Amino acid sequence: MTTAVLGGGLSGLSAGYYLLRRFGKPLTIYEASPRVGGWVRSENRKDRNFIFESGPRTIRPVGLPGANTLELVEELKLEVTPIRRSHVAARNRMLYAKGQLCMLPNSPKGLFGVLPPFTKPLYKAVLRDLVTASKKAKLEDESIYSFAERRFGKEIADYAISPMICGICAGDAREISVRFLMEGLFEKEQKYGGVLKGALISRFEKNKTKDTKDGLFAERQPKLYAQALKQKWAMYGLQGGLENLPKAMRKYLGERDVNVQLSNECRNLTFSSTGVRMNIKDAEVPVEHVVSSLPAYKLAPLVKQQHPSLSAQLLSIPYVDVLVVNMQFPGKLLKQDGFGLLVPPVEKLPLLGVIFDSCCFDMGENTVLTVMMGGHWFDQWFGDRPSPKQILDLATSHVQKMLQIREEPKFSRVHTLHKCIPQYTVGHKRRVEAIRNYIKTYKLPLSVCGAAYDGVGINDVILSARRQVEAIPLS
Ligand SMILES: Cc1cc2nc3c(=O)[nH]c(=O)nc-3n(C[C@H](O)[C@H](O)[C@H](O)COP(=O)(O)OP(=O)(O)OC[C@H]3O[C@@H](n4cnc5c(N)ncnc54)[C@H](O)[C@@H]3O)c2cc1C
């Protein structure tokens, strides 16, 4: 079968990898920009011993999606930098709330004291879940904020769940679907009338039934995954920066004669009974099957002419803009080490959070921070398009205040990432089902994978590519 992939981000490169494994060649990946990697971008300042990441920096080695990525990392022979669960960056996560830096509890003991910004011990939130009845009418979906507020109270929704959503997708927990992060808990609550009750009952039931194997790793678990479990990794990065992942994937594919065409934007797709014609650089390129890893709003115009309703469904997945400011200061300046801090939206500050890169990874005698701003609130704070200097000044002044730093950053970068994170708002799961059902009903030789559909993290987009490639019918 002749296949093509649209997009050379992590998902598109992964689709290429799995297509090669399943169907062999000919196979071409078309990428609009002059580089691979999409949002993954590292600036490795070897001369100064630090790295700026404008996109992702860590990957979690958790569950099947985590194991799947580690299988790929192992195949590519990449050097990982593990962060174990005992490491300060894994243990210490903070909030900036009510004018102070607050450490989140990192052991069961923390549930019993009153830790700011919370005004009650956290175990009371758990008790509340135990004694609160669930709604009589079963829910299909709701916002993660409303779920947390119903089960655990407003304080948990404001100071635990909302900042977590900012940290993961720069979104507003009042709009994001509970199924985005807590699908299992939500379903247990719907079935058993409480989160804790459900967790206990299903644990008991699980013990009685045999675990089903997924079949992803028929022969053996990836060695790196076994190592991650044994050594208790909480997360990991890659030596030299995360961009080494897409770079290595491109090299791997190139060495196996997969054609990776950079600066080749696809402008239109025309489907027929024999396959699909892609409009690339004004030429019509025919293939039997195309895998799109494009953001949904980028795929929408390509199918609009023939399939306007599919295009409209793709456009219904919203995206947010994020400002990323990387800063380097000479010397060790942080009074409290950790992964970083998140800012709960109730604080009404322009920052989503700050990552302490130089605590996560060894960067010598540097303090390296990444400030994230905007997201769901981008227009409110940055609607009048401030200059990079104004953005840097704003980020610097907040960091100085929050972390009690007096110094100015020596090196910095300001990145405005337009429409970089899809928002899984209430009803997202159904929207994605409708998109895939449409494709199936009209028998379009098209698969869709990537951050728009099956999860926004690196593990998710790689697994999304794998599953979609494996689901392509053999013609
Ligand atoms: C600031 C930020 C921080 C993040 N941090 C983390 C983290 O720490 N850990 C984690 O797991 N995840 C993180 N993520 C998420 C992770 O980066 C994404 O899940 C992943 O990069 C998405 O990959 P993708 O291939 O689906 O999409 P993209 O990276 O968007 O790739 C799509 C590609 O398609 C190309 N394209 C667009 N239109 C066309 C066209 N018409 N023709 C051809 N090509 C086209 C684009 O140029 C792009 O290269 C972060 C994301 C952001 C934005």
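As shown above, the structure is provided for reference.
Residue positions within a chain follow its written sequence, with the count starting from 1. Reporting of local features is limited, given that this is a predicted model, to residues whose pLDDT is at least 70; pairs of side-chain atoms are given and counted only at 80 or more, and all residues count toward the totals for whole chains, interfaces and linings. Side-chain metrics rest on all non-hydrogen atoms present in the structure, leaving aside hydrogens and water.

A. The overall build of the chain, seen in detail. By the criteria applied, helices consist of DSSP H or I runs no shorter than four residues and strands consist of E runs no shorter than two, each listed in order from the N terminus. Scanning the chain for helices and strands turns up 17 helices and 19 strands. Relative to the globule expectation of 23 Å for 475 residues, the C-alpha radius of gyration of the chain, 23 Å, shows essentially globular dimensions. Along the three orthogonal principal directions, the C-alpha set of the chain runs to about 65 × 60 × 50 Å. With a 1.4 Å probe rolled over the protein chains alone, any residue whose accessible area is under 20% of its type maximum counts as buried; one over 50% counts as exposed, and the rest are partly exposed. When the 475 residues of the chain are sorted by exposure, 53% land in the buried category. Pairs of residues are marked as contacts when any of their non-hydrogen atoms sit within 4.5 Å. Taking contacts inside the chain between residues at least 6 apart in sequence as the whole, the part at least 24 apart equals 71%. Each radius of gyration reported is based on C-alpha atoms, and the globular scaling rule is 2.2 Å times the count of residues to the power 0.38.

B. Examining the side chain of Glu53 more closely. As for its position among the elements, Glu53 is in strand 4 (residues 50-53). All tallies of charge rest on Lys and Arg as positive and Asp and Glu as negative; His and the ends of each chain are not included. The working definition used for a salt bridge is a side-chain nitrogen of Lys or Arg within 4 Å of a carboxyl oxygen of Asp or Glu. Put simply, Glu53 is tucked away with no salt bridge, and the nearest opposite charge, on Arg57, sits 6.3 Å away. N or O atoms within 3.5 Å of each other form a polar contact, as long as, within protein, one can give a hydrogen and the other can take it, and as long as residues adjacent in sequence are counted only when both atoms are side-chain atoms. At a separation of 2.8 Å, a polar atom in the side chain of Glu53 contacts the main-chain amide nitrogen of Leu242. When sequence neighbours within four positions are dropped, the list of residues in contact with Glu53 reads Arg41, Ser42, Gly241, Leu242, Val324, Asn326 and Thr370.

C. Molecular detail of the site of the ligand. Only heavy atoms are used to decide nearness, and a residue is near a molecule or strand if one of them lies within 4 Å of it. Inspection of the region around the ligand gives 29 residues, with Ser11, Glu31, Thr58, Val456 and Ile458 positioned closest. In the environment of the ligand, an oxygen atom lies 3.2 Å from a nitrogen or oxygen atom belonging to the backbone of Leu10. Separating an oxygen atom of the ligand from a backbone N or O atom of Arg57 is a distance of 3.3 Å. When the ligand is considered free in solution it has 1,000 Å² of accessible area, and contact with the protein chains removes 87% of it. When residues in the shell around the ligand are grouped by element, the largest group, three residues, is from strand 18 (residues 411-422). Grouping the constituent residues of the shell around the ligand by class yields 15 nonpolar, 10 polar and four charged. Accessible surface is estimated by sampling points in the Shrake-Rupley manner with a 1.4 Å probe; for residues, cover comes only from the protein chains shown. For this classification, Asp, Glu, Lys and Arg are treated as charged, while Ala, Val, Leu, Ile, Met, Phe, Trp, Tyr, Cys and Pro are nonpolar and the rest, including Gly, are polar.

D. Examining the packing of aromatic side chains more closely. Stacked, edge-to-face and tilted labels apply to pairs of Phe, Tyr and Trp rings (six-membered ring for Trp) whose centres lie within 6.5 Å, assigned for plane angles under 30 degrees, over 60, and everything in between, in that order. Applying the stated rule across the entire model yields 12 aromatic pairs. Taking 4.9 Å as the distance between ring centres and 45 degrees as the angle between the ring planes, the aromatic pair formed by Phe50 and Phe52 counts as tilted. The exposure classification of Phe50 matches that of Phe52, with both residues buried. Measuring from ring centre to ring centre gives 4.9 Å for Tyr297 and Tyr319, while their planes differ by 70 degrees; the resulting arrangement is edge-to-face. Taken as a pair, Tyr297 in helix 11 (residues 296-303) and Tyr319 in strand 14 (residues 319-330) lie far apart in primary sequence, 22 residues in all. Pair check on accessibility: Tyr297 and Tyr319 agree, each one buried. By the ring-pair criterion, three or more aromatic residues cluster together here, those being Tyr17, Tyr18 and Tyr252. Should the NZ of a Lys or the CZ of an Arg lie within 6 Å of a ring centre and within 35 degrees of the ring normal, that charge is described as sitting over the ring. Positioned over the ring face of Phe339 is Arg93, at 4.5 Å from the centre of the ring. Seen from the ring of Tyr297, Lys419 lies directly overhead, with NZ or CZ sitting 4.3 Å from the centre.

E. Helix 17 (residues 458-470), seen in detail. By this rule the span expected of a helix is its residue count minus one, scaled by 1.5 Å. Its 13 residues give helix 17 an end-to-end C-alpha distance of 19 Å, which sits within 8% of 18 Å, the value for a rise of 1.5 Å per residue. Counting buried positions over the 13 residues of helix 17 gives 10, a clear majority of the element. Listed in full, the buried residues belonging to helix 17 are Ile458, Asn459, Val461, Ile462, Leu463, Ser464, Ala465, Arg466, Gln468 and Val469. The secondary structure elements touched by the buried residues of helix 17 are helix 1 (10-23), helix 2 (63-75), helix 10 (244-255), helix 16 (428-441) and strand 19 (446-448).

F. Structural view of the sheet that holds strand 15 (residues 340-342). Two strands pair under a simple rule: DSSP has to find at least two bridges between them. With mixed pairing, the seven strands of this open sheet are ordered in space as 7-6-15-16-17-14-18. Two strands lie at the open edges of the sheet, namely strand 7 (100-103) and strand 18, each paired on one side alone. Strand-to-strand twist in this sheet, taken as the mean axis angle between neighbours without regard to direction, amounts to 25 degrees. Bridging between strand 14 and strand 18 involves nine bridges; their strand directions are antiparallel. Across the sheet, Leu323 pairs through a bridge with Thr416, a residue of strand 18. This element, helix 15 (residues 388-403), spans strand 6 (93-97), strand 7, strand 14, strand 15, strand 16 (351-356), strand 17 (366-375) and strand 18 of the sheet and lies at about 65 degrees to strand 14. To obtain each axis, a line is fitted to C-alpha atoms, and for helices this fit is confined to the stretch in contact; angles are then taken between N-to-C directions over 0 to 180 degrees.

G. Structural context of unusual backbone geometry. Pro26 follows Lys25 through a cis peptide bond whose omega is 0 degrees. Here Pro26 lies in the loop between helix 1 and strand 2 (27-30). The omega torsion across Pro116 and Pro117 is 10 degrees, close enough to zero to call that bond cis. Mapped onto the elements, Pro117 comes out in the loop between strand 7 and helix 4 (123-131).

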